[in-house]
Amino acid sequence: MPQLKRSKGLIAMLLLVPGLIIILGVFVLPMIYMLMISLREDMGRGAWTLVSYAHLFQDSYYLEILWRTVKLSLYTVVVCLLLGYPVAMYMAQAAPKMRGLITFLILSPHLISVVIRNFGWVVILGDDGFINNTLMSLGIISGPLRLLYNELGVVIGLTDSLIVYMVLAISTSLYAIDSSLYKAAGILGASRTKQFFSITLPLSLPGIFAGTTLVFSLAMSSFVTPALMGGTSVKVLPVLAYEQMMASLDWSLGAAIAFLLLGSTILLVTIFTRLVETKRYKEVFSS
Amino acid sequence: MTKSYDVELHQIRKRFGSTTVVDNFNLQVERGECVTFLGPSGCGKTTTLNMLAGFLEPDEGTLIIKGKPMNGVPANKRDLGMVFQTYSLFPHMTVAENVAYGLKLRKVSKSEIETRVRKVLDVVKLPHLTDRYPKQLSGGQRQRIAIARALVTEPSLLLLDEPLSNLDAKLREELREEIKRLQQEIGVTTIFVTHDQEEAMYMSDRIVVLDHGKVEQIGTPEDIYQQPATAFVHEFVGKSNGFQAVITGGDEHHWRLKTTEGMTFSAKRNDRLYNSGDEVSVYVRPEYISLEKVGSMQETAEEAGVNSISGTVKLLSFLGSFIEVIVEAGSHIITVRTNYSPIISFAEGEPVKLSWNAYQANIFPRKEA
Ligand SMILES: Nc1ncnc2c1ncn2[C@@H]1O[C@H](COP(=O)(O)OP(=O)(O)O)[C@@H](O)[C@H]1O
Ligand SMILES: [Mg+2]
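Residues numbered from 1 in each chain as written. Chains lettered and ligands numbered in written order. Predicted model: local features only at pLDDT ≥ 70, side-chain atom pairs only at ≥ 80, totals over all residues. Heavy atoms only, no water.

As recorded by an unreviewed UniProt entry, chain B carries the name Carnitine transport ATP-binding protein OpuCA and is attributed to Paenibacillus selenitireducens. One UniProt comment on chain B, placed under Catalytic activity (unreviewed entry), says "a quaternary ammonium(out) + ATP + H2O = a quaternary ammonium(in) + ADP + phosphate + H(+)". Taken directly from UniProt, the Subunit (unreviewed entry) text for chain B runs: "The complex is composed of two ATP-binding proteins (OpuCA), two transmembrane proteins (OpuCB and OpuCD) and a solute-binding protein (OpuCC)." (UniProt positions renumbered as here; feature names shortened; annotations may be inferred.)

For chain A, the name recorded in an unreviewed UniProt entry is ABC transporter permease, with Paenibacillus selenitireducens as its organism. Annotation of chain A in UniProt includes, under Sequence similarities (unreviewed entry), the sentence "Belongs to the binding-protein-dependent transport system permease family. CysTW subfamily."

Draft legend 1. Region of interest: the domain arrangement of chain A. Residues and elements named next belong to chain A. As assigned here, chain A comprises domain 1 (1-49) and domain 2 (59-91 + 146-286). Between domain 1 and domain 2, the residue contacts involve 6 residues of the former and 8 residues of the latter. Contact between domain 1 and domain 2 buries roughly 590 Å² in total, counting both sides, with carbon and sulfur atoms accounting for 87%. Together, Met34, Ile37 and Ser38 form the three largest contributors to the area buried by domain 1 at its contact with domain 2, with a combined 61%. Summed over the shared surface of domain 1 and domain 2, the number is 0 salt bridges. On the surface where domain 1 and domain 2 come into contact, there are 1 residue pair in polar contact (both at pLDDT 80 or more). (Domains from an automatic or database assignment. Contact = heavy atoms within 4.5 Å. Buried area = accessible area lost by both parts, 1.4 Å probe. Salt bridge = Lys/Arg side-chain N within 4 Å of Asp/Glu carboxyl O. Polar contact = N/O pair within 3.5 Å; in protein donor to acceptor, adjacent residues only side chain to side chain.)

Draft legend 2. Just the interface of chain B and chain A, in detail. The interface is formed by 26 residues belonging to chain B together with 22 residues belonging to chain A. Both sides of the chain B and chain A interface together cover about 2100 Å² of buried area, and 61% of this is carbon and sulfur. Applying the counting rule to chain B against chain A returns 1 salt bridge. A salt bridge links Arg280 of chain A to Glu97 of chain B; the shortest N-O distance between them is 2.5 Å.

Draft legend 3. View of the sheet that holds strand E4 (residues 60-65) of chain B. Residues and elements named next belong to chain B. One open sheet holds the 4 strands; their spatial order is E2-E1-E4-E5, and the pairing between them is antiparallel. The outermost strands of the open sheet, each flanked by one partner alone, are strand E2 (19-30) and strand E5 (68-69). In the packing of helix H1 (residues 45-53) onto the sheet, contacts are made with strand E1 (5-16), E2 and E4, and the angle to E1 comes to roughly 120 degrees. (Pairing = 2+ DSSP bridges. Helix = DSSP H or I, 4+ residues; strand = E, 2+ residues; numbered from the N terminus. Axes fitted to C-alpha atoms, helices over the stretch in contact; angles between N-to-C directions.)

Draft legend 4. Looking closely at the side chain of Asn118 of chain A. Residues and elements named next belong to chain A. Along the chain, Asn118 falls in helix H6 (residues 114-125). A relative accessible area of 2% means that Asn118 is categorised as buried. Looking at Asn118, its side chain comes within polar contact range of the side chain of Thr225, at 3.3 Å. Filtering out sequence-adjacent residues up to four positions away, Asn118 remains in contact with Gly157, Val224, Thr225, Leu228 and Met229. (Buried < 20%, exposed > 50% of the residue type's maximum accessible area, 1.4 Å probe, protein only.)

Draft legend 5. Seen up close, the site of ligand 1. Residue and element names in this part refer to chain B. Around ligand 1 lies a shell formed by Phe16, Val21, Pro40, Ser41, Gly42, Cys43, Gly44, Lys45, Thr46 and Thr47. Within the contact set of ligand 1, an oxygen atom lies 2.6 Å away from a backbone nitrogen or oxygen of Gly42. Considering ligand 1 on its own, with 560 Å² of exposed area, one finds that the protein chains cover 54% of that surface. Ranked by residues supplied to the shell around ligand 1, first place goes to H1 with 3 residues. (Near = heavy atom within 4 Å. Areas by Shrake-Rupley, 256 points an atom, 1.4 Å probe, with all protein chains shown as cover.)

Draft legend 6. Local environment of the nonpolar core. In terms of nonpolar packing, the biggest core is built from 87 residues, with Phe25, Phe37, Leu52, Phe90, Leu159 and Ile191 of chain B touching the most fellow members. The leading source of residues in this core is helix H4 (residues 60-93) of chain A, at 11 residues. When sequence neighbours within four positions are dropped, the list of residues in contact with Phe37 of chain B reads Phe25, Leu27, Lys45, Thr48, Leu49, Leu52, Ile191, Phe192, Val193, Thr194, Val208 and Leu210 of chain B. Of all hydrophobic cores here, the second largest spans 34 residues; its members include Ala100, Leu129, Ile147 and Ala150 of chain B. (Core = buried A, V, L, I, M, F, W, Y, C linked by side-chain atoms within 4.5 Å.)

Draft legend 7. Expanded view of the UniProt feature "domain: ABC transporter" (unreviewed entry) in chain B. Mapped onto this structure's residue numbering, the UniProt feature "domain: ABC transporter" (unreviewed entry) falls at residues 7-237 of chain B. Strand forms 26% of residues 7-237 of chain B and helix 36%; the C-alpha atoms that close the span are 25 Å apart.

Draft legend 8. How the structure looks around the sheet that holds strand E15 (residues 290-293) of chain B. Residue and element names in this part refer to chain B. Strand order in the open sheet made by the 5 strands is E15-E19-E16-E17-E18, with antiparallel pairing throughout. Two strands close off the open sheet at either side, each with one partner strand: E15 and strand E18 (332-339). Neighbour to neighbour, the strand axes of the sheet diverge by 45 degrees on average, direction disregarded. Across 7 bridges, the pairing between strand E16 (residues 306-318) and strand E19 (residues 351-357) is antiparallel. When the sheet's bridge partners are listed, Ser310 is paired in E19 with Lys353.

Draft legend 9. Seen up close, unusual backbone geometry. Residues and elements named next belong to chain B. Phi is positive for Asn24, close to 50 degrees, though the residue is something other than glycine. Mapped onto the fold, Asn24 is located in strand E2. With a phi angle near 60 degrees, Asp79 is a residue other than glycine that sits in the positive phi range. Note that Asp79 resides in the loop between E5 and strand E6 (81-83).

Draft legend 10. Region of the structure containing the packing of helix H5 (residues 96-107) of chain A against helix H8 (residues 151-175) of chain A. Residues and elements named next belong to chain A. Two numbers describe how H5 lies on H8: the axes approach to 10 Å, and their chain directions differ by 160 degrees. The orientation of H5 with respect to H8, classified from their angle, is roughly antiparallel. Between H5 and H8 the crossing geometry is left-handed. Side by side, H5 and H8 meet where Arg99, Thr103, Ile106 and Leu107 of the first sit next to Val164, Val167, Leu168 and Tyr175 of the second. Grouping the amino acids of the contact of H5 with H8 by side-chain chemistry returns 6 nonpolar, 1 polar and 1 charged. (Parallel < 35°, antiparallel > 145°, perpendicular 65-115°, else oblique. Left-handed = near helix turned anticlockwise from the far one by under 90°. Nonpolar A, V, L, I, M, F, W, Y, C, P; charged D, E, K, R; others polar.)

Draft legend 11. Focus on the pairing of strand E10 (residues 214-219) of chain B. All names here are of chain B. Alignment of strand E9 (residues 206-211) against E10, held across 5 bridges, turns out to be antiparallel. Bridged to Val208 within E10 is Ile218. Following E9, the chain reverses through 2 residues before pairing antiparallel with E10; His212 in that reversal takes a positive phi of roughly 50 degrees.

Structure (structure tokens):
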């Protein structure tokens, strides 16, 4: 019997091998190579040096862009949360068929390339776009509103791409709430509003936290949307890293920027997790 | 003086789509009474309870609690206590917070909340669990906490929807005893829902037997058992031997009838009148049938008002305080329950004589197929 168990374990290990090779080949190795490029001269082959990192921390320009990247990601998280929560609530209490339909609807934009979706936004949000034309023809505004090529445009674009993660994460945790809890709360005297704040919201925290972490990390590393919707004036770290490598051909600085982005994302997510996972939270939600 | 009732249901009706789930439900519950809704799964017990609680609105009829009409009043304004089959404790709150929930909503002062929570946890005998979370408790403990949470607000009416159905047999008996004791001590008017007839008998002052959304009978446990109003009640509550028969005649005390298998019986006369040729169902409880060995000394002579038939023992089951004997008599299979006695023992295959008094046979019009 123990022999059988060991051979089962062996089979499981063997089944993991192809996946591990792919992760190693396309993810881990390039990362190590990038780290070398950022830490050594001559495309990762020369002498060890911290000159690229020193550059990043000495020039406030880079830190300002880091701050902007973080700020826009936070805005996106907040907007996704505020817009996504009601959708998630609706989904969680809808009949299975309806839930399937909504899932499809919020996923369907992702069937289209993000580049094309962003051009769609340009048509809607531009100076001569749908929104400005409508508002101007109604006489509500005299000149076009600036909805694009600024921070607002980036947040709109990022929300469009990322809200689906927030909605799915929250609806999953809402769906897991036993509906008899609402009956119990109601009979004890809680109005709908009180039920929301004392039952729904606290019990959906795992979904909110998962959605927040996902949306934040993905917003931090977004490249296409900030590039297309923010234009040249709203630069973020991923765009900057791309420019350093492709335009300035400073691969070492570009790689250092990439690691600055990675490091700050990990740091912020870790701090966030530490803050929200209080003793009580762990006791209630850990299985 | 007219009696005042804590709960009054007048011609309550509820439909889901085209199916009527609760039909013409009438009931009055006195202060301090414990009334059970008993019936098979799907008969409308929970639906009725949900209308009392305010989770559902009746389509027709009036619902009065403590003299106040409740139609249209939402659950949170009804001041009731409720216990659910699945406990329904708030998983993110400690035991103390769960129990305090209703008091906080009523803006009771902090110090009073503390006193009342401690007191009610003493009452359910779990004073030491205040800081635990529900998932750290056993099923029995959870249900006790749920009961404490329902009682702490001193509700005008306590509703329990199959509160014991998720517990194992031993715990179920323990907890039902405790609920009964609490109910009597506190004197809270209680409506208890169950599909378990023994539980219903044990708990209630009165039982409402339901089938397909219709009230079949309302009565004390004894009434329900001894004087079932309908064939359904006779079959659902307790064990019964049922026979299909035709009326052949009768006198002022008895009906004479003949089973479809050709045996003749007599059954006691009740209010209902029958004509010769009417198709009826006759029921006899297993414990009212006496069992004798054929040719034994005690064999009783035929007498008026006693039905007797002979048969063969098919199966014997020892069930502790009694034995259950399955007897084949002609084409009837009859279940008999008799006190266990080490002196008179029966063997499978043995010929026996069964007899029962005519007044212990209940007769009902044949159910529509
Ligand atoms: N929300 C609903 N929609 C449609 N049918 C329902 C609904 N709730 C209950 N029913 C039906 O009503 C009947 C009675 O249900 P219920 O009151 O829960 O029965 P019980 O509690 O006696 O088992 C069942 O046939 C059930 O399928
Ligand atoms: Mg039910």
